[in-house]
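Structural overview
Residues per chain are reported as follows:
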Amino acid sequence: MMETMKLLGMLDSPYVRRVAIALRLLELPFEHEPLSVFGAYDEFSRVNPVVKAPTLVCGDGTVLMESGLIIDHLETLAGRSLWPADAAARLRALRVTGLALAACEKTVQDLYERSLRPSEKRHPAWVDRVAAQRLAALRALDAELAAHPLAAEEGRLTHAGIAAAVAWRFMKIKLEQPLDDAACPALAGYGARLEALPAFARTPPDETVKLVGRPR
């Protein structure tokens with residue numbers, strides 16, 4: 001019998017959430033411990049001194065981090081993959097996933113800039129650059145979904161679909177001025193369909209989470 005793994009991190013993080021959803025889709029048992037890397041820094045550091053979310057504590061006690069590496073391990077355990085088997089489909093899935101993760105990264109940078117950096121130390125040119133990169137990623141992601149629609153049924157989901165939906169929801173709940181659905185209609189519509197699926201509905205992001213303190 002497989003030992004239950006423990007996933008550390010808040011579900012308002014798109015990286016934690018994509019791992020949690022993959023765990024559900026791969027039907028792997030796990031416990032979720034919603035520790036914040038800010039508000040619960042000391043408690044988190046006792047498990048992973050790097051204090052990085054997501055953190056996965058494996059059945060044998062091994063501690064993993066980085067969502068992509070964690071997912072690779074999970075698929076080894078499950079004996080199946082959420083990446084397409086066909087080479088061309090996998091290539092498209094990798095591109096979509098990369099765009100989604102880039103949008104997440106640029107949203108995180110915006111969030112940290114607003115929440116953690118004193119206003120007098122913000123660099124407007126950097127803020128504008130991050131915003132432009134995020135917009136480019138989201139527009140490219142929308143174009144990919146419009147040109148190559150992804151499956152929206154739970155049994156056919158791929159990592160590309162998970163990442164796209166998670167990235168859109170993350171952007172919507174974390175930015176002060178998120179994009180309207182009309183700006184990325186294919187992405188917005190796809191995200192809405194996935195959010196209604198059981199694996200997503202059982203793994204909702206906490207939209208009330210605020211950063212506490214500064215990273216150490």
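Presented here is a report on the structure given in the accompanying data block. (Residues numbered from 1 in each chain as written. Predicted model: local features only at pLDDT ≥ 70, side-chain atom pairs only at ≥ 80, totals over all residues. Heavy atoms only, no water.)

Moving on, we come to the overall build of the protein chain. Looking only at helices and strands, the protein chain has 8 helices and 4 strands in total. Counting from the amino terminus, helix and strand elements in the protein chain follow one another as β-α-β-α-β-β-α-α-α-α-α-α. Here the C-alpha atoms of the protein chain give a radius of gyration of 17 Å, agreeing with the 17 Å that 2.2 N^0.38 yields for 216 residues. Along the three orthogonal principal directions, the C-alpha set of the protein chain runs to about 55 × 45 × 25 Å. Across the 216 residues of the protein chain, 45% fall into the buried class. Here the protein chain has roughly 10900 Å² of accessible surface; of this, 53% comes from carbon and sulfur atoms. Computing the positive centroid from 27 side-chain charges and the negative centroid from 27, the protein chain places the two 4 Å apart. (Helix = DSSP H or I, 4+ residues; strand = E, 2+ residues; numbered from the N terminus. Rg over C-alpha atoms; globule rule 2.2 N^0.38 Å. Buried < 20%, exposed > 50% of the residue type's maximum accessible area, 1.4 Å probe, protein only. Areas by Shrake-Rupley, 256 points an atom, 1.4 Å probe, with all protein chains shown as cover. Lys, Arg positive; Asp, Glu negative; His and termini not counted. Charge placed at Lys NZ, Arg CZ, Asp CG, Glu CD.)

So, on to the pairing of strand β1 (residues 5-8). Within a regular strand, side chains alternate between the sheet's two faces. Direction of pairing for β1 relative to strand β2 (residues 30-33): parallel, over a ladder of 4 bridges. By the bridge assignment, M5 is partnered in β2 with F30. The handedness of the β1 to β2 crossover, carried by helix α1 (residues 14-25), is right-handed. Pairing of β1 with strand β3 (residues 55-57), which is carried by 3 bridges, proceeds in the antiparallel orientation. Its bridge partner lying in β3, L7 is registered against L56. (Pairing = 2+ DSSP bridges. Right-handed = clockwise from strand over helix to strand, strands pointing away.)

It is worth spelling out the side chain of E195 at this point. With respect to the helices and strands, the residue E195 is situated in helix α7 (residues 185-195). Of the residues examined, E195 reaches a relative accessible area of 16% and is grouped as buried. Those residues in contact with E195, other than ones at most four positions away along the chain, are R17, A165, R169, F200 and A201. (Contact = heavy atoms within 4.5 Å.)

Take the packing of α1 against helix α4 (residues 87-116) next. Put simply, α1 and α4 touch, their axes get as near as 10 Å, and they point 140 degrees apart. Here α4 runs oblique to α1, going by the angle between their axes. Contacts between α1 and α4 involve P14, Y15 and R18 on the former and, on the latter, T97, L101, C104, E105 and V108. (Axes fitted to C-alpha atoms, helices over the stretch in contact; angles between N-to-C directions. Parallel < 35°, antiparallel > 145°, perpendicular 65-115°, else oblique.)

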